[in-house]
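Reading the structure
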Amino acid sequence: MIKIGIVGGTGYTGVELLRLLSVHPDVEVKCITSRSEAGMPVADMYPNLRGHFDLAFSEPDTAVLSQCDLVFFATPHGVAMRMVPELMKAGVRVVDLSADFRLKDLDVWSHWYGMPHETPKWAEKAVYGLPEVVRDEIREAQLVANPGCYPTAVQLGFLPLLEHGLVDPARLIADAKSGASGAGRQGSIGMLHGEVGESFKAYGASGHRHLPEIRQGLSQAAGKAVGVTFVPHLVPMIRGIEATLYAELSDPADFERLQTLYEDRYRNEPFVDVMPFGSHPETRSVRGANQCRMALHRQEQSNIVIVSSVIDNLVKGAAGQAIQNMNIMFGLDETLGLKAPALLP
Ligand SMILES: NC(=O)C1=CN([C@@H]2O[C@H](COP(=O)(O)OP(=O)(O)OC[C@H]3O[C@@H](n4cnc5c(N)ncnc54)[C@H](OP(=O)(O)O)[C@@H]3O)[C@@H](O)[C@H]2O)C=CC1
Ligand SMILES: CC(=O)N[C@@H](CCC(=O)OP(=O)(O)O)C(=O)O
């Protein structure tokens, strides 16, 4: 059994890790931290976990976490960065769901996260864990930076086009919408039901911290710097991201082979589903599932390829992908604990 620690067990991604790990056959969760709820039995706070976890939340303590084989950080930015060095020294493997180790350019990181990076050595060594791109590196990694939610939906949707050099990489557009759980469980007025319900707005249009992460991943795929316009939106739902992606095909004749190209690219990927050409994937078709579902479109008399890509921000966009990474790191079947389909209706 793999001994697991979770730092930040009371947050939305933390409790999603617990839900998914509760049916994973090869893990034993040893330690779940929360500073505000230390001492409270996990199942008292989250009754859906009654009968699954006989543990109470505890204060984060690196000495205790060092006894685990793998620690997930489901904490705000800046927390993992400070605790990881001690865990690395103890030989513990880490999957960090926050953005602490996602960006390689630490000036860019500091600009977006508003603090200096305290562990540049580990930022350099960390593997950016998008399994569909770097599976082999993840297998060997001690520290995996789990990708952000929007960046997962956007990168998976654009990758085949960029890897094959079929589109103008300077003019990519990602128009993305997220449910409110993307903002976490920390209260804020803007996230009240009365504010989010019956409304729909763009935010971060002049710049969002996921933009440099998307740029980094897509530039790697394209082999050159890409230009991407990314605008997130908040929609009145709880879970889910839909990203509508636009790119201009250099040769319109390539439309003929796009569907096959996408199907071939993701044929062996257990968690990416390319739907028939012209389909409209819905966020509810991935709700609770570790799945990215996408479809391609062409509008009449246009060279623009449109990709619609959906994920559950808390699963393929966070906890599910983190467990997928853990499975890869420990040489397990990548789909262990992650096979359940989405919840409908
Ligand atoms: N929500 C989403 O859809 C996604 C979130 N992420 C990222 O995952 C991380 C967690 O997100 P989410 O679950 O939404 O966040 P929440 O705000 O819901 O939860 C944060 C958790 O971290 C703990 N925590 C807060 N500050 C500290 C600290 N200084 N030291 C130790 N523990 C701390 C909190 O418990 P306590 O304060 O009691 O210790 C709580 O359990 C974030 O970095 C987020 O950006 C990534 C992808 C998607
Ligand atoms: C709706 C909403 O507020 N979404 C969040 C998504 C960011 C997130 O979840 O954080 P990561 O960078 O760790 O992926 C936001 O826009 O900030």
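Residues numbered from 1 in each chain as written. Chains lettered and ligands numbered in written order. Predicted model: local features only at pLDDT ≥ 70, side-chain atom pairs only at ≥ 80, totals over all residues.

Brief notes about the environment of Met191
Residue position: Met191 is located in the loop between strand S7 (172-178) and helix H9 (193-196). By the C-beta count within 10 Å, which is 16 here, Met191 ends up partly exposed. In this structure the C-alpha to C-alpha distance between Met191 and Phe57, which are 134 residues apart in sequence, comes to 26 Å. Among residues more than four places away in sequence, those in contact with Met191 are Ala180, Ala183 and Val196. (Helix = DSSP H or I, 4+ residues; strand = E, 2+ residues; numbered from the N terminus. Buried ≥ 20, exposed ≤ 12 C-beta atoms within 10 Å, placed from the backbone. Contact = placed C-beta atoms within 7 Å.)

Describing the domain arrangement of the protein
For the protein, the assigned domains read domain 1 (2-125) and domain 2 (150-313). One C-alpha centre belongs to domain 1, the other to domain 2, and the line joining them spans 27 Å. In this complex, domain 1 contributes nine residues to the contact, which on the side of domain 2 involves seven residues. Residue classes in the side of domain 1 that touches domain 2 are distributed as six nonpolar, one polar and two charged. (Domains from an automatic or database assignment. Nonpolar A, V, L, I, M, F, W, Y, C, P; charged D, E, K, R; others polar.)

Some points on the site of ligand 1
Taken together, the neighbourhood of ligand 1 is formed by 31 residues, with Gly8, Gly11, Ser98, Gly184 and Arg185 sitting nearest. Going through the elements one at a time, helix H1 (12-21) and helix H12 (315-329) are the ones with two or more residues in the shell around ligand 1. For the shell around ligand 1, the leading source of residues is H1, giving three residues. Residue contributions to the shell around ligand 1 reach at least three from each of two domains, namely domain 1 (2-125) and domain 2 (150-313). (Near = placed C-beta within 6 Å.)

Examining the confidence of the model for the protein
Averaged over the protein, the pLDDT score is 97; the fraction of residues at 70 or greater is 100%. Two numbers describe this predicted complex: its pTM, 0.98, and its ipTM, 0.97. (pLDDT = per-residue confidence, 0-100.)

Digging into the site of ligand 2
Taken together, Ser98, Ala99, Gly148, Cys149, Ser178, Ala180, Gly182, Ala183, His210, Pro232 and Leu234 make up the full set of residues adjacent to ligand 2. Of the residues that constitute the shell around ligand 2, the class distribution is six nonpolar, five polar and no charged.

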